[in-house]
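# Fold and geometry: a report
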Amino acid sequence: MANGRKPVDLGFAEFAAQVVAELHEGLLVAQDEQESRRAKLAELSSLPLEEFARRFITNEQVEVELVRLFPVRRGKAHRIRVGASYVAKTTKHAESPPIQSKLGIQLTPQDLRVRGGRTHLSQKGVKNIRDALRMRLAEPRFKTLRQAATQGIPRLVLDSGRVNVKLIFRLEELEKVGVRRAKGSVIVPLNTLVNMLKAESPRPRYQLIVRQVNEQTTPVPPTESTGIGELDLTLKTI
């Protein structure tokens, strides 16, 4: 084959059982992931706001917001840095940069440093400003998270579905199937329900073998024991 894939023969019962089994497995995995997400949401919504801000608001996000709120005249920098000039609001002039008015925080003497009659931001002041901005960015996200946890996340379930597969059908005598299996074929007959319930039941003489139709399988002309058709499974939860 051009892509190295080898067509596979399977008993019809095995093929149908495998389709249903893998669909069921997929549903179980999806349900498990949903429950994991719900549990994670509940865990995050119980965090203190400060912890949520520290874990989920990155330094890069803080930097972007600082540039937006306190830009310099040129470039993509901002005015919140250690040693940057600061002018408090008075009756004669406005606050510059407008930290208290934009962030709603009150700067303390420890946040500022006075040298030569000029006031500058201290290292502690810059940290407090960044922490306040981090909390401001986190608050609306955290509020949304808590609302989702309180109201509950919609649970997605499969109501119904349909699987359609085009197949080549071939009727084989079980003795011939056994010979082919001895030569390395992947055909593994499935014990029928009748055989499991009634050990004395006569063994079926024939088995229906299928192979999926794709670009690697060229359908052969139909004969008395072969044909092309579709397996159509309609699913519904109960």
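Just above, that's the structure.
A brief look at the structure comes next.

Helix and strand content of the protein: seven helices and six strands. Contacts in the protein between residues at least 24 apart in sequence constitute 73% of all its contacts with a sequence separation of at least 6. Accessible surface for the protein amounts to roughly 17,000 Å². Of this, 55% is attributable to carbon and sulfur atoms.

Side chains three or four residues apart in an α-helix point the same way, a direct result of the helix having 3.6 residues per turn. Residues of helix α3 (residues 59–69) that are buried: Val62, Glu65, Leu66 and Leu69. Buried residues of α3 fall within an arc of 105° about the axis and therefore sit on the same side. Opposite its buried face, α3 presents the exposed residues Glu60, Val64 and Arg68, each directed more than 90 degrees away. For α3, the secondary structure elements touched by its buried residues are α4 (99–103) and α5 (123–151).

Attention now moves to the packing of aromatic side chains. All told, the structure shown has two aromatic pairs when counted by the stated rule. Note on Phe52 and Phe142: the rings are 5.0 Å apart at their centroids and 45° apart in plane angle, and the pair reads as tilted. One end of the pair, Phe52, is in helix α2 (residues 49–56); the other, Phe142, is in helix α5, and 90 residues separate them in sequence. No difference in accessibility class separates Phe52 from Phe142, as the two residues are buried. Linked through ring pairs, Phe52, Phe56 and Phe142 together constitute an aromatic cluster.

What counts, and where the lines are drawn
Residues numbered from 1 in each chain as written. Predicted model: local features only at pLDDT ≥ 70, side-chain atom pairs only at ≥ 80, totals over all residues. Heavy atoms only, no water. Helix = DSSP H or I, 4+ residues; strand = E, 2+ residues; numbered from the N terminus. Contact = heavy atoms within 4.5 Å. Areas by Shrake-Rupley, 256 points an atom, 1.4 Å probe, with all protein chains shown as cover. Buried < 20%, exposed > 50% of the residue type's maximum accessible area, 1.4 Å probe, protein only. Arc of directions from axis to C-beta. Phe/Tyr/Trp six-rings, centres within 6.5 Å; stacked < 30°, edge-to-face > 60°.

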